[in-house]
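Observations on the three-dimensional arrangement
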Amino acid sequence: MAELEVDNLSLRFGGLTVLDGVSFAVEAAELFALIGPNGAGKTSAFNCMSRIYPGTGRIRFRGRDISHLSPRAVARLGIARTFQHVELFAHMSVLDNIMTGRHPRLSTNPLQQMLFLPAVRREEVRHREAVERIIEFVELEGVRHAHAGALPFGIQKIVGLARALALEPRLLLLDEPSAGLTRDERDDLARFILRIKHELKLPIVWIEHDMQMVADLADRIHVLNNGRTLATGSPMQVLNNPEVVAAYLGVRPTGATG
Amino acid sequence: MSRQPRASGYFRTGYAQDLKLVQTRAERASLALLGAVLLAFPFLASPFLLDLANQVFLASIGALALMLLTGYAGQISLGHAGLMAAGAFTVGILFRETQAPFWITLPAAAAVGAVLGVVFGLPSLRLRGLYLAVSTLALHFLVVYLGGEYEAKRGFSTGILIDPPVLAGMAITSGHAWYGILGTAAVATLLLCLNLLRSGTGRAWAAVRANETVAAALGIGVAGHKLLAFVISSALTALAGALFAYHRGFVSVEAFSLFLSIQYVAMIIIGGMGSLLGAILGAVFVTLFPYGIEVALRALPGAQRYAGTLFAVNYAAFGFVMILFLVLEPLGLVGIWRRVQTYFLLWPFKHRPLAGRRR
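Residues numbered from 1 in each chain as written. Chains lettered and ligands numbered in written order. Predicted model: local features only at pLDDT ≥ 70, side-chain atom pairs only at ≥ 80, totals over all residues. Heavy atoms only, no water.

Overview of the packing of aromatic side chains
In the structure shown here, the tally under the stated rule is 14 aromatic pairs over all chains. Seen from their ring centres, A:F24 and A:F32 are 5.1 Å apart, and the 25° between their planes marks the pair as stacked. Looking at A:F24, the relative accessible area reads 8%, which means it is buried. Residue A:F32 is classed as buried on the basis of its relative accessible area of 0%. What links up through ring pairs into an aromatic cluster is the set B:F259, B:F285, B:F289, B:F311, B:Y315, B:F318 and B:F325. The ring of A:F137 has A:R195 sitting right over it, with the charged end atom 4.2 Å from the ring centre. Across from the ring centre of A:F116, 3.5 Å away, lies the NZ or CZ of B:R198, which sits over that ring. (Phe/Tyr/Trp six-rings, centres within 6.5 Å; stacked < 30°, edge-to-face > 60°. Buried < 20%, exposed > 50% of the residue type's maximum accessible area, 1.4 Å probe, protein only. Lys NZ or Arg CZ within 6 Å of the ring centre and 35° of its normal.)

The following block contains the structure:
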């Protein structure tokens, strides 16, 4: 059984059809790339999966229908995501940002926290240890006390990834993690993504515009165009598909000379 | 909570140390000094100064409660005076009708505050910013109206008299006893707020304040945490109102005008939004300000001639100071304090903090 099954997902804003009958399935520990030109509906598909947008159709996570859950319930099931524009809590430290990602794992109530009972102290230390492991994993040791908003964009993106990992997710949704990153930062990111796949064995749905990166790393690629599925399959198949090339790069009108 | 730069040479060896509220020897020393000053104050101060200190403690509780709600959870409320009135009237009504002692009336006031907090907070699930402020304002008038009706119907039209609370067989009337009680209450409130802010609730509030959609996607209950902020803040505010009623020995709706709400908003703005220290500094400033103006006017030549205008001058000066803070020092008194602190910490080097940086 697939980890994530999206079945006939559609989304409409008034007269605008954003997603039209999109279906795909992501297997265990699979790096599943979602690509397509701007406005194809990739981020909208993510927002449907994390239940921020109300799509129609069925989304199943480990066999369980999540189409009617709240965003909070989806996160609590272990579906973590990053955002295209990072969306860190700018006035909080990197550490607190990542700690916030662990919120669903906290078990003490506000009354206990008000008095900072020993249970709360133990819990804070335990989660801090978990957060430190993630900080080590994504190599953010140097900036853990820095204000998230004051960091360069590339580091903020990694902090966003760390915040998603802090949930100890069972499915990771990455929304254009490489956009705005330098060459070096992209190399680091690729390394982190592969480590997440191989060491944490997480299934990942990955929206990406860097075709070189997608071709190198992804197990399978799903192409969206104008809200519809254009192609799906291995990187070689998909990237050589003439329709995909036409939608993405455009083709020279036949007969034209250059 | 992130921290100010520290002098070097202090290293932590465990994550539990990072959770401590007081970490370095210098911090412990200055805290001990502050504690000693606070303990010595009632023995040295005149009754007038003692009463001022008691007013500051009461205002601090209210300002801390509002800071939790507005400065941390990001919810605006203009109903603060209404909640104080609710706490004060709970004490007044329970005392008048049932002669209940303080250990019943105070928890009752907190409970009434908590319930009103849910009611005040419900609009926050749909409304934001100015619209939320106006809806809390409506509830303020509702509470004050009900209090006024009670006064009128039961024949207390000049206000409800309350006997001083009796603790261990002794009626608490002296300024010294009140100093101890209100001071303890203010310190307890501060600790409570600090604890909430250094644990999951505080982080969830900050997340909800920054971006509700992202908070929800991280698995944080947005509606629940907004209501929680209203409930905790309102219970604390009602408690402050109840203590205020006992301290004055008198409850009347006139004490809870809209101007009181505005004064509390002014405290957290002047003190510095998003800082508990700011709430306390703001409470000190706003409470002492009118007395400062009075002293200043008295010092002018021909003081008698201005005596009649004192009230008007007070309002105008208050407004002027508010504008000065909003324009010149949006980080408030706490911003000034941190700049001074950083200056000495980094001396002889200079450091210009980035504009708009805050913690």
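Some remarks on the pairing of strand β1 (residues 4-13) of chain A
Residues and elements named next belong to chain A. The pairing of β1 with strand β2 (residues 16-26) spans seven bridges and is classified as antiparallel. Paired with R12 across the strands is T17, a residue of β2. Between the antiparallel neighbours β1 and β2 lie two residues, among them G14 with a positive phi of about 60°. Pairing geometry for β1 and strand β4 (residues 56-61), over five bridges, is antiparallel. Looking across to β4, one finds that L4 is bridged to F61. (Pairing = 2+ DSSP bridges. Helix = DSSP H or I, 4+ residues; strand = E, 2+ residues; numbered from the N terminus.)

Quick notes on the sheet that holds β2(A)
Residue and element names in this part refer to chain A. Pairing in this open sheet of four strands is antiparallel, and the strands run β2-β1-β4-β5 from one edge to the other. Strands with a single pairing partner mark the edges of an open sheet, and in this sheet they are β2 and β5 (64-65). Of the pairings in the sheet, the one linking β4 to β5 comprises two bridges and is antiparallel in character. For R60, the partnering residue across the bridge sits in β5 and is D65.

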